[in-house]
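# Fold and contact review
Chain by chain, the residues run as shown.
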Amino acid sequence: MDLYAKRAFLIDTENAFKISSHIATLESQGHRVVKLNIGEPDFNIPEVVKEEIKKQLDDHNTHYCDPKGLLTLREAISQQIYKTRKLSVSPEQIVVFPGAKPGIGFSEQVYCDPGDEVIYPSPSFPIFESFIRYLGAKPVPAHLSEENDFKLTAEALSALITPKTKMIFLNSPSNPTGNVANQFELETIAKVILNQCHPNVRVYSDEIYERIIFDQQSHYSIASFPGMEKRTIISSGFSKSYAWTGGRIGYAIFPSIEEANVVKNLNINYFSCISPYNQEAAKVALTHPDAERSVVNMVQTFQTRRDFVYEKLREIPNLRCIKPKGTFYIFPNIQQICENLGIMAAFQGLDPIAQSLTSPTSLFQLFALYHHHVAILDRRSFGKVGSENQHYFRIAFTANEAMLAEGISRLSHAFHDTLGFQKFMREQQSLVSSK
Ligand SMILES: Cc1ncc(COP(=O)(O)O)c(C=O)c1O
């Protein structure tokens, strides 16, 4: 009798968290690691939000509450959606989750049967892909190309839609590329969906980075285009905009109250409800002008860092990268560097099983971490299906400029450290073939 169900090994993971155990090992050995791996703003939550959490705790607001989310918070979200997207949604269409993450898997569970196809951008947030096989559905990655600024085009999407398509994931501003879709691009994507998809196909528009956009550009939601509101789930949350990753509050707006209620039942089954003291504070985050000022200041800082990191990376020979328009990520191409360092040859020399568990940039990621003590994330961390021969990694500029300069300097040394890489391959075989 097997200990585990087969399904337990069909779900994937998020390496931004998984790599933490490697970092902890190095830190326990006394190394100082420059951590540019996790998508977590290095800011404090706005003061008014913190004060509200404390006040709520003093008022003993610590009990079970509505599994859909506090009505006061859902009303504030509904007003915010009207202000930002000109959509009138009932608070009853909104479900609050512990972060923006659970809405992804819950929606896939609620809408997809085995055999259904799920289209998602690749590279993108790994959880879109992670759940698909777990549910017996079929992953259909829409590969984004650097030549096209990592944009999802209407033509590429159109070619992937079949009668079996059940869900389509979109993510703008995009993790890990920093691309931001403009109004025209979303409009053409909307037309394709309206023309080619059955009305029951759902678009999951992950808009968690909606506030982190540079150069005075605006955020657009596909839900705002005529006909799309009834097909789109809008997802967002408080982790990124308010630097509140530990608060675990996110939400999704469903096309109908009925759909929201079906998802609410998953909340009841999994965690019952979200801490009410945090939800009251999330309402303050959405509505208080001081919280808004904190967001604006943080985004300004991210834009300054974006410019700094982009210029520094451009000085590195053989590295190419696109200037992000939003988020706090940059996604350079290091194909030539991998060739020069002997990584491609080392990868080719691995046995087929080891090759299937890694990639040239995965080897570089481990080498950079273990030999140069800088943590970044490889291409495979953002969707594995069909990611072969794509040689990118993600830097999160969620650290101050001094730390970013140190991290990039360490990466530059790693890019030239041929002997170090050979030593790494000789001595750390167990790491190379670990999943
Ligand atoms: C695109 C995207 N969606 C969702 C999430 C999850 O956010 P949360 O921490 O609120 O669950 C992330 C986090 O990195 C993300 O990048």
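Residue positions are given per chain, counted from 1 along the sequence in the order it is written. Where totals are concerned, whole chains, interfaces and linings use all residues; where local detail is concerned, this predicted model gives features only for residues with pLDDT of at least 70, and gives and counts side-chain atom pairs only at 80 or more.

## Structural notes on the overall build of the chain
Basically, it comes down to this: Only runs of H or I of at least four residues qualify as helices and only runs of E of at least two qualify as strands under DSSP, and these elements are numbered from the N terminus. Throughout, the radius of gyration refers to the C-alpha atoms, and the reference size of a globule is 2.2 Å times the residue count to the power 0.38. Three exposure classes are used, all based on how many other C-beta atoms lie within 10 Å of a residue's own C-beta (placed from the backbone): buried at 20 or more, exposed at 12 or fewer, and partly exposed between those limits. We call two residues in contact if the C-beta atoms placed from their backbones are at most 7 Å apart.
What the chain contains, in helices and strands, is 18 helices and 12 strands. Over its C-alpha atoms the chain spans a radius of gyration of 22 Å, differing by no more than 12% from the 22 Å that the globule rule assigns to 435 residues. A buried classification covers 47% of the 435 residues belonging to the chain. Long-range pairs, those at least 24 residues apart, make up 73% of the contacts in the chain between residues at least 6 apart in sequence.

## Some points on the packing of helix α4 (residues 71-85) against helix α10 (residues 276-287)
The line we're drawing: Note on geometry: axes are C-alpha line fits, over the in-contact stretch for helices, and angles between N-to-C directions span 0 to 180 degrees. To sort the angles, those under 35 degrees are grouped as roughly parallel, those over 145 as roughly antiparallel, those from 65 to 115 as roughly perpendicular, and the leftovers as oblique. Left-handed is the label given to a crossing in which the near helix is rotated counterclockwise from the far helix by less than a right angle, and right-handed is the label when the rotation is clockwise. Classes in brief: Ala, Val, Leu, Ile, Met, Phe, Trp, Tyr, Cys and Pro nonpolar; Asp, Glu, Lys and Arg charged; the others, Gly included, polar.
Where α4 contacts α10, the axes come no closer than 9 Å and their chain directions differ by 25°. The orientation of α4 relative to α10 falls into the category roughly parallel. For the element pair α4 and α10, the recorded crossing hand is left-handed. For the pair α4 and α10, contact is made by T72, L73, A76, I77 and Q80 and by Q279, A282, K283, L286 and T287, respectively. Taken together, the residues of the contact of α4 with α10 break down into 5 nonpolar, 4 polar and 1 charged.

## Remarks on unusual backbone geometry
Of note, the bond from S122 into P123 is cis; its omega dihedral lies within 30 degrees of zero at 5°. Position of P123 among the secondary structure elements: in the loop between β3 (117-122) and α6 (126-134). Look at the link from S172 to P173: it is a cis peptide, with omega at -10°. Mapped onto the fold, P173 is located in the loop between β5 (165-171) and α8 (183-196). The residue S272 is not glycine, and still its phi comes out positive at about 70°. Tracing the backbone shows S272 in the loop between α9 (257-270) and α10. The phi dihedral of N318 falls on the positive side, at around 70°, and the residue is not glycine. Within the fold, N318 resides in the loop between α11 (289-314) and β9 (329-330).

## Points about the site of the ligand
Note the threshold: We call a residue near a molecule or strand when the C-beta position, derived from backbone atoms, sits within 6 Å of it.
Near the ligand lie 13 residues; those nearest to it are G99, A100, K101, F125 and S239. Of the residues assigned to the shell around the ligand, the class counts are 3 nonpolar, 8 polar and 2 charged.

## Considering the sheet that holds strand β11 (residues 377-378)
Operational definition: Strands qualify as paired when DSSP identifies two bridges or more between them.
The strand order across the open sheet built from 3 strands is β9-β12-β11, with neighbouring strands paired in antiparallel fashion. Since the sheet does not close on itself, it has two edges, and those belong to β9 and β11, each with one partner. As paired elements, β9 and strand β12 (residues 393-396) share 2 bridges and run antiparallel to each other. Note on β12: the bridge partner recorded for Y329 is A396.

## Overview of the packing of helix α15 (residues 360-372) against helix α17 (residues 418-427)
Their axes nearest at 10 Å, the elements α15 and α17 cross at an angle of 100°. It follows that α15 is roughly perpendicular to α17 by the angle criterion. Side by side, α15 and α17 meet where F367, Y370 and H371 of the first sit next to G420, F421 and F424 of the second. Residue classes in the contact of α15 with α17 are distributed as 4 nonpolar, 2 polar and no charged.

## Regarding the sheet that holds strand β6 (residues 202-206)
Strand order in this open sheet of 7 strands is β2-β8-β7-β6-β5-β3-β4, and the pairing throughout is mixed. What marks the edges here is a single partner per strand, and that holds for β2 (94-97) and β4 (138-143). Each adjacent strand pair in this sheet contributes to an overall mean axis angle of 20°, direction not counted. Bridge count between strand β7 (residues 232-237) and strand β8 (residues 250-253): 4 bridges; the pairing is antiparallel. Residue pairing in the sheet places S235 in a bridge with A252 of β8. Sitting on the sheet, α6 touches β3, β4 and β5, and the angle it makes with β4 is about 155°.

## A few points about the environment of H60
Its place among the elements puts H60 in the loop between α3 (47-58) and α4. In this structure H60 comes out as exposed when scored by C-beta crowding, with 8 C-beta atoms within 10 Å. Spatially, the C-alpha atom of H60 lies 52 Å from that of S356, the residues being 296 residues apart in sequence.

## What about α8?
Counted only if it meets this: In this scheme, a helix's expected span is set at 1.5 Å multiplied by one less than its residue total. Summarising the geometry, the arc corresponds to the directions from the helix axis toward the C-beta atoms.
Here α8 spans 20 Å end to end across 14 residues, near enough to the 20 Å set by a 1.5 Å rise per residue. Here α8 has its buried residues at L186, I189, A190 and I193. Buried residues of α8 fall within an arc of 105° about the axis and therefore sit on the same side. Exposed residues lying more than 90 degrees from the buried face of α8 are F184 and N195. Against the buried residues of α8 lie α7 (154-160), β5 and β6.

## Quick word on the domain arrangement of the chain
Let me state the cut-off plainly: Start and end points for every domain follow an automatic or database-based domain assignment.
Segmentation of the chain into domains returns domain 1 (6-32 + 293-432) and domain 2 (63-288). Of all the secondary structure elements, the ones that give two or more residues to the side of domain 1 that touches domain 2 are α11 and β9. The element best represented in the side of domain 1 that touches domain 2 is α11, accounting for 6 residues. Looking at the side of domain 1 that touches domain 2 residue by residue, the class counts come to 14 nonpolar, 9 polar and 7 charged.

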